[in-house]
Amino acid sequence: MPDQPVDYQAAFEALPGSFVLVEPNAPDYAILAISSDLLKLTAQARPQVLGHSVFTVYPKTPDAPTAAGLSALRTSLQNAAHTRQPDQMPVVRYKVRNTAGVLETRYWSGLTKPLLNAAGQVHHLLHTIQDVTERVREQDQQRELRKIEKTYGLFLQAPVAVCILTGPENTIELANDEMHRFWGTTPAVTGQPLFTALPQAREYGFAELLEQVRNTGQSYFGTEYPVQFAGPEQPVQYYNFTYQAYFENSTDTAAAGVFCVAHNVTKQVVARQQVEESERRVRSLVDSAPFPISVHVGQNLRIQSANQAMLQAWGKGADVLGRPFAEVLPEFEGQEVFAQMAQVFSTGQPFGVRNQRIEVVIAGAPQTFYYHYNFTPLLNPDGSVYGIVNTGADVTDLMLARQRIEEYAVELQESEERFRIMADAAPNQVWAVHPDSSIRYVNRAFLEFVGVSLEEYLRVGWASYLYPEEMEYAQHILTEAISRQTIYRFEHRMRRHDGQYRWLLAQGAPSYYPNGELYGYVGSAIDITDLKQMNEQLVQTNNDLDNFVYTASHDLKAPIYNIEGLLHALLQTLPPDTRHSGQVQHLADMMQESVDRFTKTIANLTDIVKLQKENSEEAVMVELASVLQDVCLDLEPLRASAAGRFVSTIPAELAIRFSTKNLRSVLYNLLSNSLKYGAPDRPPLVRIACELTPAYHVLTVADNGLGIEQEHQEQLFSMFRRFHNHVEGSGIGLYMVKKMVENAGGKISVTSQTGVGSTFQVYFRH
Amino acid sequence: MDKLSCILLVDDDKTTNFLNRLLLENLGVADRVLVAENGREALRLIEQNSTEETCPALILLDINMPVMNGFDFLDAYQDLSFDHKQSVVIVMLTTSLNPRDVARLQQLPTNGFMNKPLTKKMVHDVLKEHFNLEFPA
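Residues numbered from 1 in each chain as written. Chains lettered and ligands numbered in written order. Predicted model: local features only at pLDDT ≥ 70, side-chain atom pairs only at ≥ 80, totals over all residues. Heavy atoms only, no water.

Here we look at the overall build of chain A
1) Next: Scanning chain A for helices and strands turns up 25 helices and 28 strands.
2) Next: Compactness check: chain A gives a C-alpha radius of gyration of 73 Å against a globular reference of 27 Å for 766 residues, more than 25% above the reference.
3) Next: Principal-axis analysis of the C-alpha atoms gives chain A an extent of 245 × 70 × 60 Å.
4) Next: Scored against the burial criterion, the 766 residues of chain A give a buried share of 38%.
5) Next: Carbon and sulfur atoms provide 54% of the accessible area of chain A, an area that totals close to 44300 Å².
6) Next: Of note, chain A has its 63 positive side-chain charges centred 3 Å away from the centre of its 85 negative side-chain charges. (Helix = DSSP H or I, 4+ residues; strand = E, 2+ residues; numbered from the N terminus. Rg over C-alpha atoms; globule rule 2.2 N^0.38 Å. Buried < 20%, exposed > 50% of the residue type's maximum accessible area, 1.4 Å probe, protein only. Areas by Shrake-Rupley, 256 points an atom, 1.4 Å probe, with all protein chains shown as cover. Lys, Arg positive; Asp, Glu negative; His and termini not counted. Charge placed at Lys NZ, Arg CZ, Asp CG, Glu CD.)

What follows is the structure, encoded as structure tokens:
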């Protein structure tokens, strides 16, 4: 402890802070001591304040807004003196002249503490003043901020990014959490220039935009602006944003800053892009679809889109897009299409129709098509119809094919109808069977023959009417023919309604549908019983006739031979002179001639009968040239006398199928005729040739003779027809030739011109 | 020159028989010419003349005859038995050309077949063929 006493006076005055010690002598409150800081603060000197009343030293300042400061001091001093408890003054505002001589508003906070003596009485009052101007200012500032925050609170809390940028540096005045999320920053960047806090924003052109807005005062609206502040590896974010200049005062011409509002529309953009992508895909699908699709919107069914197939169906180009449907296809007016679409529009119910006939004018000409088509309504979220999707399928070919089939069916039915009418009118039996030989139809004559109804006949069948011993044979013929699909023809017996078995000649042929499928067999039968009996009678008659001819010729031959013999015998009895006298000789010759003719006639008759009998003469392969040579030899005297000539081109090895004897006869007749009926003015020239055709060997004998008149040519081959009297002939030669050839399945023909010659052609079947 | 001892003509036609006998006699080819008007008569004549001298060496046989025709005669002749039967020549002489008859004739045991009327040449041919007798034409 130092010996020197402490100078409390000096210590009090030197203590930092502003305080004053006063005597509790109300109402003066004389100043006993004062700190140097307070003196300095109040610009007073110590000698002028000590011993003076506080209220004298610090009088009411005239320009103070209130006198609250001094009165509050008085109250605080009184309170502390009275209560003997410290008293806290409310913060008071003073206008105080500072050291520079300028009044400035300051805030003070005062505390009065009573100093008690040993008796507990208030001895002094210590008043401490604290300058709380800075604190108050800070509080004011925060209050101000709160006010702003309250003002912009809606914006700040809005789900949009909001910020205020001030000055050319774009200092971040204010930014809400959403904006920080957008930038990838924290509230710490508040007060920093934007491009210091977010350097990467510069490259998106925001700096230029902000400057433009601030300079011009014109707002800028950015739409779906893509940014990648978080780095290139993060997905692109899309923002709609507004830059709006703001002015400190309404009269300012230069903007103080820019108010920014940004809205993240990434989800919507992505969603829309997905929809667009999906639409694109659908569109390409629709466009490439092979069936027609179109979309119509609005009451007038404006064509929003139509694929190639639909345009083709309408017979129109892509220029119809966007036009009302009725304007594009006026031909639908009279058809049901528009009514159906209107119905879909009003009811919202889809409509579909199949095989609808549609007339479309294509390249100026109306054409008929058939479609399956559907109208599907396109609905607004509220359920109202805003459009119609039109889809279709061209089934024209299908319908035409079906119509053709139906027409065929009708034709077939008509044809069958006609067939039945005709068949029923036919006097012979007519039937049709299925490919399995079951009965399809029998005509009236058939039913009348068997004497039962159609139902009964269908029940019992064909076989039960057949002659029992021929049943197997008949079935065999039928099945064989059906399996080969060939025509059949055979004779069989069948029981008639009266129980009598009648002979039938039946024939059937396969019948086909237009597509080539077997329809079945169609056939007919005639009752040939009478014919057969007549044939038998005829055969009998023929035989009888033949026998008669034989007998007659035999019986005639004997007397004529006798007459001839007797004539010779008679002549022998005459003396030679008489026998050779002119008259007798002449008579004898005439008698001989008559006998000869008689004999020859009988011989011809027998020849003809013989020919009928011998038509089964065996045919062999015979060399034509060789037989021709023999015949020429036989005819040599005749040829020599007529000075005729035979020219043959028949090759030596050529053989035909014929009876040798008959071939001789044929050649003999033809060649001898050629010589006999030669033209008087020229020697006979006879050309003989043979050519091969698919079915025949055709022998040609052509002469240069008299020729045959047209009207005689047909009768040429008849029996006993002779057209020339000047030559010897029996009139049966060509008849015989014709018979021989026809009996062997061949034929003979003649072409001739009077005065030019005749050509005979003989057809020998292979 | 040799000639046949006997020729038998079998035919119902008297004129034919007359003419044929005339021809044969004029030709002088046989000592005797016998005539029968049917098969039965012919059989009787054969039986009566079955001795060597008078037995017919050649029979010219017609077919169509009353009482017994040529076919029936041949049947009956088969059953006949006499000494010189082996040397007897039977030739059919007929006008019948009925194929049925021709076919039947070819089956019969005859030595030949000729069509009427009988001529000198036919006679000479038969004699030459069956008896080796030649006559000047």
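Examining the confidence of the model for chain B
1) Next: Overall, the prediction assigns chain B a mean pLDDT of 86, with 94% of residues at 70 or greater.
2) Next: The secondary-structure element of chain B with the lowest mean pLDDT is helix α4 (residues 99-107) of chain B, recorded at 74, while strand β3 (residues 58-61) of chain B shows the highest, at 94. (pLDDT = per-residue confidence, 0-100.)

Here's the deal with the state of the cysteines
Residue and element names in this part refer to chain A.
1) Next: Taken as a whole and assessed by the stated rule, the structure comprises 0 disulfides over all chains.
2) Next: Free of any disulfide, Cys632 has its nearest cysteine sulfur in Cys690, 15 Å distant.
3) Next: The class of Cys632 is buried, set by a relative accessible area of 17%. (Disulfide = S-S within 2.5 Å.)

Some thoughts on a negative patch on the surface
All names here are of chain A.
1) Next: A surface patch of like charges, here negative, comprises Glu406, Glu407, Glu411, Glu414 and Glu417.
2) Next: The residue Glu417 is located in helix α14 (residues 396-425) in this model.
3) Next: The exposure class assigned to Glu417 is partly exposed, which follows from its relative accessible area of 45%. (Patch = residues over 30% accessible without salt bridge, like charges linked within 9 Å, V, L, I, M, F, W, Y side chains within 5 Å. Salt bridge = Lys/Arg side-chain N within 4 Å of Asp/Glu carboxyl O.)

Some details on helix α9 (residues 206-216) of chain A
All names here are of chain A.
1) Next: Along α9, the residues that are buried comprise Phe206, Ala207, Leu209, Leu210, Val213 and Arg214. Projected down its long axis, α9 carries its buried residues within an arc of 165°, all on one side. More than 90 degrees from the buried face of α9, the exposed residues found are Glu208 and Asn215.
2) Next: Taken together, the buried residues of α9 touch β7 (161-166), α8 (194-197), β9 (220-227), β10 (237-246) and β11 (257-264). (Arc of directions from axis to C-beta. Contact = heavy atoms within 4.5 Å.)

Quick notes on the packing of helix α18 (residues 529-573) of chain A against helix α1 (residues 14-27) of chain B
1) Next: Axis separation between α18 of chain A and α1 of chain B bottoms out at 10 Å; the angle between their running directions is 45°. By the angle between their directions, the pair α18 of chain A and α1 of chain B is classed as oblique. By crossing handedness, the relation of α18 of chain A to α1 of chain B is classed as left-handed. The residues of α1 of chain B that touch α18 of chain A, namely those facing Tyr561, Asn562, Gly565, Leu566 and Ala569 of chain A, are Thr15, Thr16, Phe18, Leu19 and Leu22 of chain B.
2) Next: For the contact of α18 of chain A with α1 of chain B, the residue count by class is 6 nonpolar, 4 polar and no charged. (Axes fitted to C-alpha atoms, helices over the stretch in contact; angles between N-to-C directions. Parallel < 35°, antiparallel > 145°, perpendicular 65-115°, else oblique. Left-handed = near helix turned anticlockwise from the far one by under 90°. Nonpolar A, V, L, I, M, F, W, Y, C, P; charged D, E, K, R; others polar.)

As for the packing of helix α2 (residues 39-48) of chain B against helix α3 (residues 70-79) of chain B
When two helices pack together, their arrangement is given by the angle between the helix axes and by the axis-to-axis distance.
Residue and element names in this part refer to chain B.
1) Next: The geometry of α2 relative to α3 is characterised by a closest axis approach of 9 Å and an angle of 30° between their N-to-C directions. By the criterion of interaxial angle, the relationship of α2 to α3 is roughly parallel. For the crossing formed where α2 meets α3, the hand is right-handed. Counted together, Gly39, Ala42, Leu43 and Ile46 of α2 and Phe73, Ala76 and Tyr77 of α3 form the full contact between these two elements.

Topic: the environment of Val701 of chain A
Residues and elements named next belong to chain A.
1) Next: Summarising the element assignment, Val701 is placed in strand β26 (residues 696-702).
2) Next: Sequence separation between Val701 and Asp436 is 265 residues; the distance between their C-alpha atoms is 54 Å.
3) Next: When residues no more than four places from it in sequence are discounted, the contact partners of Val701 are Leu670, Leu671, Ser674, Val686, Arg687, Ile688, Ser758, Thr759 and Phe760.

Observations regarding the interface of chain B and chain A
1) Next: With 16 residues of chain B in contact, the opposing surface of chain A contributes 10 residues.
2) Next: Of the roughly 1200 Å² buried between chain B and chain A, counting both surfaces, carbon and sulfur atoms make up 64%.
3) Next: Applying the counting criterion to the chain B and chain A interface returns 0 salt bridges.
4) Next: At the surface where chain B touches chain A, the tally comes to 3 residue pairs in polar contact (both at pLDDT 80 or more).
5) Next: For the side of chain B that touches chain A, the secondary structure elements donating two or more residues are α1 and α4 of chain B.
6) Next: Residues of the side of chain B that touches chain A, tallied by class, amount to 6 nonpolar, 7 polar and 3 charged. (Buried area = accessible area lost by both parts, 1.4 Å probe. Polar contact = N/O pair within 3.5 Å; in protein donor to acceptor, adjacent residues only side chain to side chain.)

What about the confidence of the model for chain A?
Residues and elements named next belong to chain A.
1) Next: For chain A, per-residue confidence averages 85 on the pLDDT scale, and 95% of positions sit at 70 or higher.
2) Next: The secondary structure element of chain A with the lowest average pLDDT is strand β4 (residues 92-97), at 70, and the one with the highest is β26, at 94.
3) Next: Below pLDDT 50 for its whole length, residues 62-67 participates in 5 contacts with residues either more than four positions away or in separate chains.

Points about the UniProt feature "domain: PAC" (unreviewed entry) in chain A
All names here are of chain A.
1) Next: UniProt marks residues 354-407 and 488-540 with the feature "domain: PAC" (unreviewed entry), using the numbering shown here.
2) Next: The annotated region residues 354-407 carries 22% helix and 63% strand content, and the separation between its end C-alpha atoms amounts to 21 Å.
3) Next: Note that residues 488-540 is 23% helix and 57% strand, and that its end C-alpha atoms are spaced 30 Å apart. (UniProt positions renumbered as here; feature names shortened; annotations may be inferred.)

Comments concerning the pattern of salt bridges
1) Next: The full count for this structure, using the stated rule, is 31 salt bridges over all chains.
2) Next: Close ionic contact of Arg664 of chain A with Asp630 of chain A constitutes a salt bridge, the shortest N to O distance being 3.9 Å. In this pair, Arg664 of chain A is assigned in helix α23 (residues 660-676) and Asp630 of chain A in helix α21 (residues 624-634), connecting sequence segments 34 residues apart.
3) Next: Classification of Arg664 of chain A by relative accessible area gives partly exposed; the value is 29%.
4) Next: Here Asp125 of chain B ties to Lys121 of chain B by a salt bridge, and the two come within 3.1 Å at their closest N and O atoms. Of the two residues, Asp125 of chain B and Lys121 of chain B are both situated in helix α5 (residues 120-131); the distance of 4 residues between them amounts to about one turn of the helix.

Here we look at the UniProt feature "modified residue: 4-aspartylphosphate" (unreviewed entry) in chain B
Residue and element names in this part refer to chain B.
1) Next: The feature "modified residue: 4-aspartylphosphate" (unreviewed entry), as annotated in UniProt, sits at Asp62 in this numbering.
2) Next: Among the secondary structure elements, Asp62 is positioned in the loop between β3 and α3.
3) Next: For Asp62, a relative accessible area of 2% corresponds to the buried category.
4) Next: Contacts of Asp62, omitting those with residues within four sequence positions, involve Val10, Asp11, Asp12, Gly70, Met92, Leu93, Thr94 and Lys116.

Considering unusual backbone geometry
1) Next: The linkage connecting Lys116 of chain B with the following residue, Pro117 of chain B, adopts the cis geometry, with an omega of -5°.
2) Next: Look at Ala363 of chain A: it is not a glycine, yet its phi comes out positive at around 50°.
3) Next: Looking at the secondary structure, you find Ala363 of chain A in the loop between β14 (351-362) and β15 (365-379).

Things to note about the sheet that holds strand β18 (residues 439-442) of chain A
Residues and elements named next belong to chain A.
1) Next: The strand order across the open sheet built from 5 strands is β18-β17-β21-β20-β19, with neighbouring strands paired in antiparallel fashion. On the outer flanks of this sheet lie β18 and β19 (488-495), each paired with one strand and no other. Averaged over all adjacent pairs, the angle separating strand axes in this sheet is 25°, with direction ignored.
2) Next: Sheet topology note: the strand β17 (residues 429-433)/strand β21 (residues 518-527) ladder contains 5 bridges and is antiparallel. Paired with Ala432 across the two strands is Val522, which belongs to β21.
3) Next: Sitting on the sheet, α18 is in contact with β19, β20 (501-512) and β21, with an inclination near 120° to β20. (Pairing = 2+ DSSP bridges.)

Some remarks on the UniProt feature "domain: PAS" (unreviewed entry) in chain A
1) Next: Look at the UniProt record and you will see "domain: PAS" (unreviewed entry) annotated at residues 415-485 of chain A.
2) Next: In this annotation, residues 415-485 of chain A is assigned 55% helix and 13% strand; the end-to-end C-alpha distance for the span is 22 Å.

Structural notes on the sheet that holds β15 of chain A
All names here are of chain A.
1) Next: Pairing within the open sheet is antiparallel, and its 5 strands lie in the order β13-β12-β16-β15-β14. For this open sheet the edge positions go to β13 (302-306) and β14, each flanked by a neighbour on one side alone. Shown here is a sheet whose adjacent strand axes are inclined to one another by a mean of 35°, direction ignored.
2) Next: One ladder, built from 10 bridges, connects β14 with β15; its direction is antiparallel. Bridging across to β15, Gly352 finds its partner in Asn374.
3) Next: Of the strands in this sheet, β14, β15 and β16 (385-394) are in contact with α14, which crosses β15 at around 125°.

Quick notes on the packing of aromatic side chains
Residue and element names in this part refer to chain A.
1) Next: In this structure the tally under the stated criterion is 34 aromatic pairs over all chains.
2) Next: Arranged with centres 6.3 Å apart and planes meeting at 70°, the rings of Tyr29 and Phe55 form a pair that is edge-to-face. You can see Tyr29 sitting in the loop between β1 (18-22) and β2 (31-34) and its partner Phe55 sitting in helix α4 (residues 54-57), a full 26 residues away along the chain. The burial state of Tyr29 is the same as that of Phe55; both residues are buried.
3) Next: Ring centres of Tyr488 and Tyr521 lie 6.0 Å apart, and the angle between their planes is 25°; this geometry places the pair in the stacked category. Of this pair, Tyr488 sits in strand β19 while Tyr521 is found in strand β21, placing the two residues 33 residues apart along the sequence.
4) Next: Judged by relative accessible area, Tyr521 falls into the buried class, the value being 1%.
5) Next: By the ring-pair criterion, three or more aromatic residues cluster together here, those being Phe182, Tyr204, Phe206, Tyr220, Tyr225, Phe229, Tyr239, Phe241 and Tyr243.
6) Next: Seen from the ring of Phe55, Arg74 lies directly overhead, with NZ or CZ sitting 3.9 Å from the centre.
7) Next: Sitting over the face of the ring of Trp503, Lys532 holds its NZ or CZ atom 4.5 Å from the ring centroid. (Phe/Tyr/Trp six-rings, centres within 6.5 Å; stacked < 30°, edge-to-face > 60°. Lys NZ or Arg CZ within 6 Å of the ring centre and 35° of its normal.)

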